[in-house]
Amino acid sequence: TSAHEHTGKQTYGTGTYTLPDPGVKHSHNFIEVASGVKYFYWLFESQKSPTSVPTIIWLQGGPGWSSFLGLFAEHSPFPLNKETAAVEIRTHAWNKEANLLYVDFPGEVGLSKGKENSWDDSLTNFDMFMKKFFADNPNYGKVGVYFFGQSYAGHYISGVVTRKSKAKNEENWG
């Protein structure tokens, strides 16, 4: 399935939030990683040259917090105003220098769907997410893929990276 790509003013969900138009190309979609399990992502292209900069993958901690927290409160081009709940434009967003990929992980977190039975299932599914995302978006990740997160995301990231580093002969993500 293709991503929903946007530049310009878009309304999401029930129409509560309308995104401004700073000329940022962004896309969002679900990727099916296992039967009945789909991870939601939202990608913001770099405002420089998307194919010549690294891709940052943001995983939120919690556990159980959506990556929308980092997206709307911390470093995407679209912060939420705490007083008015209006979506604004962040002048120092991280996508000035890198592509930003927010992923709701593991399953049942945020907009991601489906139940995973174990931590091992979650790690296997995230590996599948990465393979499918970069197969569908081959221009991202060529310069590098970096994981960022906060709080419990340290457990997520260390699990994902350790699993990948042990799979010596597997294909790369990016």
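These numbers were taken from a predicted model, which means no experiment stands behind them. (Residues numbered from 1 in each chain as written. Predicted model: local features only at pLDDT ≥ 70, side-chain atom pairs only at ≥ 80, totals over all residues. Heavy atoms only, no water.)

*Asks:* Hey, could you run me through the pattern of salt bridges in this one?
*Replies:* Pairing between side chains becomes possible if they bear opposite charge and their charged atoms approach one another. Taken as a whole, this structure holds four salt bridges when the rule is applied. One salt bridge in this structure joins Glu45 and Lys25, with 3.9 Å as the shortest N-O distance. Of this pair, Glu45 sits in the loop between strand E5 (37-44) and strand E6 (55-59) while Lys25 sits in the loop between strand E3 (17-19) and strand E4 (26-34), and the two are 20 residues apart along the sequence. Across the pair Asp127 and Lys131 runs a salt bridge whose closest N-O atoms are separated by 3.0 Å. Note that Asp127 and Lys131 are positioned in helix H2 (residues 119-136) at a spacing of four residues, about one turn of the helix. (Salt bridge = Lys/Arg side-chain N within 4 Å of Asp/Glu carboxyl O. Helix = DSSP H or I, 4+ residues; strand = E, 2+ residues; numbered from the N terminus.)

*Asks:* Mind showing me how you'd approach a nonpolar patch on the surface here?
*Replies:* The grouping of Trp94, Tyr146 and Phe148 at the surface amounts to a nonpolar patch, some 290 Å² of accessible area in total. When you line up the elements, Trp94 lands in the loop between helix H1 (68-75) and strand E7 (99-103). (Patch = residues over 30% accessible without salt bridge, like charges linked within 9 Å, V, L, I, M, F, W, Y side chains within 5 Å. Areas by Shrake-Rupley, 256 points an atom, 1.4 Å probe, with all protein chains shown as cover.)

*Asks:* Explain the pairing of E6 here, please?
*Replies:* The side chains of a regular strand alternate between the sheet's two faces. Counting buried positions over the five residues of E6 gives five, a clear majority of the element. Covered by surrounding structure in E6 are Thr55, Ile57 and Leu59 together with Ile56 and Trp58, the residues of both alternating faces. Here E6 pairs with E7 via four bridges, running parallel. For Ile57, the partnering residue across the bridge sits in E7 and is Leu101. As for the winding sense of the linkage, the β-α-β connection from E6 through H1 to E7 is right-handed. Sheet topology note: the E6/strand E8 (residues 145-149) ladder contains five bridges and is parallel. Looking across to E8, one finds that Thr55 is bridged to Val145. (Buried < 20%, exposed > 50% of the residue type's maximum accessible area, 1.4 Å probe, protein only. Pairing = 2+ DSSP bridges. Right-handed = clockwise from strand over helix to strand, strands pointing away.)

*Asks:* Is there a simple way to explain the environment of Phe147 in this structure?
*Replies:* Its location among the elements puts Phe147 in strand E8. Classification of Phe147 by relative accessible area gives buried; the value is 19%.

*Asks:* Looking at this structure, I do not really get the nonpolar core. What am I missing?
*Replies:* Soluble globular proteins tend to pack their nonpolar side chains together in the buried interior. In terms of nonpolar packing, the biggest core is built from 23 residues, with Leu59, Val103, Phe126, Phe129 and Phe133 touching the most fellow members. Every element with two or more residues in this core is listed here: E4, E5, E6, E7, H2 and helix H3 (153-166). Apart from residues lying up to four places away in sequence, Phe126 is in contact with Tyr39, Ile57, Leu59, Val103, Phe105, Phe147 and Val160. (Core = buried A, V, L, I, M, F, W, Y, C linked by side-chain atoms within 4.5 Å. Contact = heavy atoms within 4.5 Å.)

*Asks:* What am I meant to see in the packing of aromatic side chains here?
*Replies:* One pair of aromatic rings is described through two measures. These are the centre distance and the angle between the planes. Under the criterion given, the structure shown has 24 aromatic pairs. Arranged with centres 5.6 Å apart and planes meeting at 85 degrees, the rings of Tyr39 and Phe105 form a pair that is edge-to-face. Of the two residues, Tyr39 sits in strand E5 while Phe105 sits in the loop between E7 and H2, which places them 66 residues apart along the sequence. For the pair shown, Tyr39 and Phe105 are each scored as buried. Among the aromatic residues, ring-to-ring pairing joins Tyr39, Tyr41, Phe105, Trp119, Phe126, Phe129, Phe133, Phe134, Tyr140, Phe147, Tyr152 and Tyr156 into one connected group. The ring of Phe30 carries Lys113 above its face, with NZ or CZ at 4.5 Å from the centroid. (Phe/Tyr/Trp six-rings, centres within 6.5 Å; stacked < 30°, edge-to-face > 60°. Lys NZ or Arg CZ within 6 Å of the ring centre and 35° of its normal.)

*Asks:* Help me understand the side chain of Ser46 in this model?
*Replies:* Mapped onto the elements of the fold, Ser46 is located in the loop between E5 and E6. Among the polar contacts made by the side chain of Ser46, one reaches the main-chain amide nitrogen of Lys48 at a distance of 3.0 Å. Contact partners of Ser46, with chain neighbours within four places excluded, come to Val53, Asn95, Lys96, Glu97, Ala98 and Asn99. (Polar contact = N/O pair within 3.5 Å; in protein donor to acceptor, adjacent residues only side chain to side chain.)

Read these as layout, nothing more, since geometry by itself doesn't imply function.
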